[in-house]
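Chain by chain, the residues run as shown.
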Amino acid sequence: MPNPVLTRLLIACLAAASIGGCAALPAPACLPPPQPMLSAELAFGRNIGDRLGVSDAEFRRFTAEEITPRFPDGLTVVDGVGQWRDSERGHIVREKAKLVTLVFAEDPAKRAALSAIADAYKQRFKQQAVMISVRPSCVSF
């Protein structure tokens, strides 16, 4: 029987791949007080090679240096476990992960910031990929 969490992660990955080149997503029809915004999720694998390589302290430092300056209004970090296919070795990798949620108004600079964060993580921690999923949301604070 398929694991529902893994199925949702796969669907999110496919959705992220299909909208990665979109210039703008249609704004949802929000009833006040929520406002139409974008919600982005970034999934950061924590293995380096076949072992846990990105500690909680290193991820906090990465968040402080790379994510917070680009999204100073706030974010949410959740611990997770995920899996993906390693394209270089051709097998399934299961690893601990950090899932970061960001909410922001449509802005090309913010979209570019998502890619910059992913690139910084891949370079710093020798990662093949960082999942980015962006979708329209109705948000209130």
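Look a little higher up for the structure.
A brief look at the structure comes next. (Residues numbered from 1 in each chain as written. Predicted model: local features only at pLDDT ≥ 70, side-chain atom pairs only at ≥ 80, totals over all residues. Heavy atoms only, no water.)

## Some points on the overall build of the protein chain
In step 1: Each helix and strand counted, the protein chain has 3 helices and 6 strands in total.
In step 2: Here the protein chain holds 141 residues, and 33% of them are scored as buried.
In step 3: Sequence-distant contacts, at least 24 apart, represent 71% of the contacts inside the protein chain between residues at least 6 apart.
In step 4: When the accessible surface of the protein chain is split by element, carbon and sulfur atoms take 59% of a total near 8,600 Å². (Helix = DSSP H or I, 4+ residues; strand = E, 2+ residues; numbered from the N terminus. Buried < 20%, exposed > 50% of the residue type's maximum accessible area, 1.4 Å probe, protein only. Contact = heavy atoms within 4.5 Å. Areas by Shrake-Rupley, 256 points an atom, 1.4 Å probe, with all protein chains shown as cover.)

## Some points on the packing of aromatic side chains
Two descriptors summarise a pair of aromatic rings, namely the distance from one centre to the other and the angle between the planes of the rings.
In step 1: Summed over the entire model, instances satisfying the criterion amount to 9 aromatic pairs.
In step 2: Grouped by ring-pair contacts, the aromatic residues Phe 44, Phe 59, Phe 62, Tyr 121 and Phe 125 constitute a single cluster.
In step 3: Positioned above the aromatic ring of Phe 71, the side-chain terminus of Lys 110 is 4.7 Å from the ring centre. (Phe/Tyr/Trp six-rings, centres within 6.5 Å; stacked < 30°, edge-to-face > 60°. Lys NZ or Arg CZ within 6 Å of the ring centre and 35° of its normal.)

## What to know about the nonpolar core
In step 1: Counting 21 residues, the largest nonpolar core has Leu 42, Phe 44, Phe 62, Leu 102, Leu 114 and Tyr 121 as its most contacted members.
In step 2: Sorting the residues of this core by element identifies strand E1 (35–45), helix H2 (56–67), strand E5 (91–104) and helix H3 (108–125) as the ones contributing at least two each.
In step 3: Ranked by residues supplied to this core, first place goes to H3 with 7 residues. (Core = buried A, V, L, I, M, F, W, Y, C linked by side-chain atoms within 4.5 Å.)

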